[in-house]
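Examination of the molecular architecture
Read off the chains here:
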Amino acid sequence: MVSGRLMYLLAVCGVVGAQIIISEGEGCSDVTQNLSSEDLVKQLMTRVENLEREREEREKSHVAFSASLNIAEQWNTYGPFDADATLVFRRVTTNIGEAYDPSTGIFTAPRKGLYYIRYTTCVGDSGSLNTALRKNGEVMFAVFDTRGSHGSGSNGMTLVLEQGDQLSITLWKEKSIFDQSRLSTFSGFLLYPM
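Residues numbered from 1 in each chain as written. Predicted model: local features only at pLDDT ≥ 70, side-chain atom pairs only at ≥ 80, totals over all residues. Heavy atoms only, no water.

Moving on: the overall build of the protein chain. Within the protein chain one finds 3 helices and 13 strands. Looking at the protein chain as a whole, 34% of its 194 residues qualify as buried. Looking at the protein chain alone, contacts between residues at least 24 apart form 75% of all its contacts between residues at least 6 apart. Per element, the accessible surface of the protein chain, about 11,100 Å² overall, is 50% carbon and sulfur. (Helix = DSSP H or I, 4+ residues; strand = E, 2+ residues; numbered from the N terminus. Buried < 20%, exposed > 50% of the residue type's maximum accessible area, 1.4 Å probe, protein only. Contact = heavy atoms within 4.5 Å. Areas by Shrake-Rupley, 256 points an atom, 1.4 Å probe, with all protein chains shown as cover.)

Structure follows, in structure tokens:
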């Protein structure tokens, strides 16, 4: 049984490029001669377990989302409102990691890292647009456009986010936005964990 496991582990480790740490000056044959089959199997099993943990950790770092404001393809204008409003981007195209909530319009960082965030908005019937990306309520960047209805603007930024930080887009009062299921969008992704 041990020899079968040994052959299997040797094959797996050979495929993934696993290496046995060899003391300086020792050759591979010296190491295998000094190790019992059981010790070699233990070392290889430890290496495989470490590789599996690393793979699982990498999978946790996959975070990306993209959503548009309107689900239907007809033209819809939102606003102007009497008070500031959080925009809820309901048509989700991508939500790897499930960190974006299409019922609230809030992205919650699942882990600390450097993220790239971008949004695009189109001016609605009010003829002017003023929106802002907020991180935990604080304005990080904005889009402003007064060219008349159906103009658009876009902005993006890299942000260091802590686990649990929340991002949302605010439409300021007396302004409006429109969408046709793919024009006003909110997107982001994790560049790398920290």
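The next subject is the nonpolar core. Counting 26 residues, the largest nonpolar core has F89, F107, Y115, I117, L133, L167 and F186 as its most contacted members. When residues in this core are grouped by element, the largest group, 4 residues, is from strand 7 (residues 113-123). For Y115, the residues in contact, after removing those within four places along its chain, are V63, F107, A109, P110, M157, T158, L159, L161, F189, L190 and L191. (Core = buried A, V, L, I, M, F, W, Y, C linked by side-chain atoms within 4.5 Å.)

The final tally for this structure, using the stated rule, is 3 salt bridges. We note a salt bridge from K112 to E162, for which the minimum N-O separation is 3.6 Å. Placement of the pair is K112 in the loop between strand 6 (106-108) and strand 7 and E162 in the loop between strand 10 (152-161) and strand 11 (166-171), with a sequence separation of 50 residues. Notably, a salt bridge pairs D145 with R147, separated by 2.5 Å at the nearest N-O pair. (Salt bridge = Lys/Arg side-chain N within 4 Å of Asp/Glu carboxyl O.)

Per-residue pLDDT for the protein chain has a mean of 84; in total, 82% of the residues score no lower than 70. Contacts from residues 15-31, a stretch scored under 50 in pLDDT, to residues over four places away or in other chains number 11 contacts. (pLDDT = per-residue confidence, 0-100.)

Next up on the list: the packing of aromatic side chains. Per the counting criterion, the structure on display carries 9 aromatic pairs. Ring geometry for Y116 against F189: centres 5.7 Å apart, planes inclined by 45 degrees, an arrangement best described as tilted. With Y116 in strand 7 and F189 in strand 13 (residues 185-193), the pair connects residues that are 73 residues apart, well separated along the chain. Note on Y116: relative accessible area 25%, which makes it partly exposed. Looking at F189, the relative accessible area reads 37%, which means it is partly exposed. An aromatic cluster is built from F65, F89, Y100, F107, Y115 and F186, whose rings are joined through pairwise contacts. (Phe/Tyr/Trp six-rings, centres within 6.5 Å; stacked < 30°, edge-to-face > 60°.)

Below, the discussion takes up the environment of E98. Its place among the elements puts E98 in the loop between strand 4 (91-96) and strand 5 (100-101). A residue is classified by how much of its surface remains accessible, and E98, at 63% relative accessible area, is exposed. In sequence terms E98 and T108 are 10 residues apart; their C-alpha atoms lie 9.2 Å from each other.

Moving on, we get to the pairing of strand 9 (residues 138-145). With 7 bridges connecting them, strand 8 (residues 129-135) and strand 9 associate as antiparallel partners. Looking at the pairing, N130 lines up with F144 of strand 9. The loop that links strand 8 with its antiparallel partner strand 9 comprises 2 residues; one of these, N136, has a positive phi angle of about 50 degrees. (Pairing = 2+ DSSP bridges.)

With that settled, consider the side chain of S168. By the element assignment, S168 lies in strand 11. With relative accessibility at 11%, the residue S168 sits in the buried group.

Our next topic: the pairing of strand 13. As judged from the 5 bridges shared by strand 1 (residues 64-68) and strand 13, these two strands associate in the antiparallel manner. In the strand pairing of strand 13, S68 is matched with T185. Inspection of the sheet shows strand 7 paired to strand 13 by 8 bridges, in the antiparallel sense. Looking at the pairing, Y115 lines up with L190 of strand 13.

Another aspect to go through is the side chain of D165. By secondary structure assignment, the location of D165 is in the loop between strand 10 and strand 11. Here D165 occupies a buried position and makes no salt bridge, while the nearest side chain of opposite charge, K135, is found at 4.0 Å. At 2.8 Å, the side chain of D165 forms a polar contact with the backbone nitrogen of E162. Filtering out sequence-adjacent residues up to four positions away, D165 remains in contact with F107, T108, A109, K135, N136 and V160. (Lys, Arg positive; Asp, Glu negative; His and termini not counted. Polar contact = N/O pair within 3.5 Å; in protein donor to acceptor, adjacent residues only side chain to side chain.)

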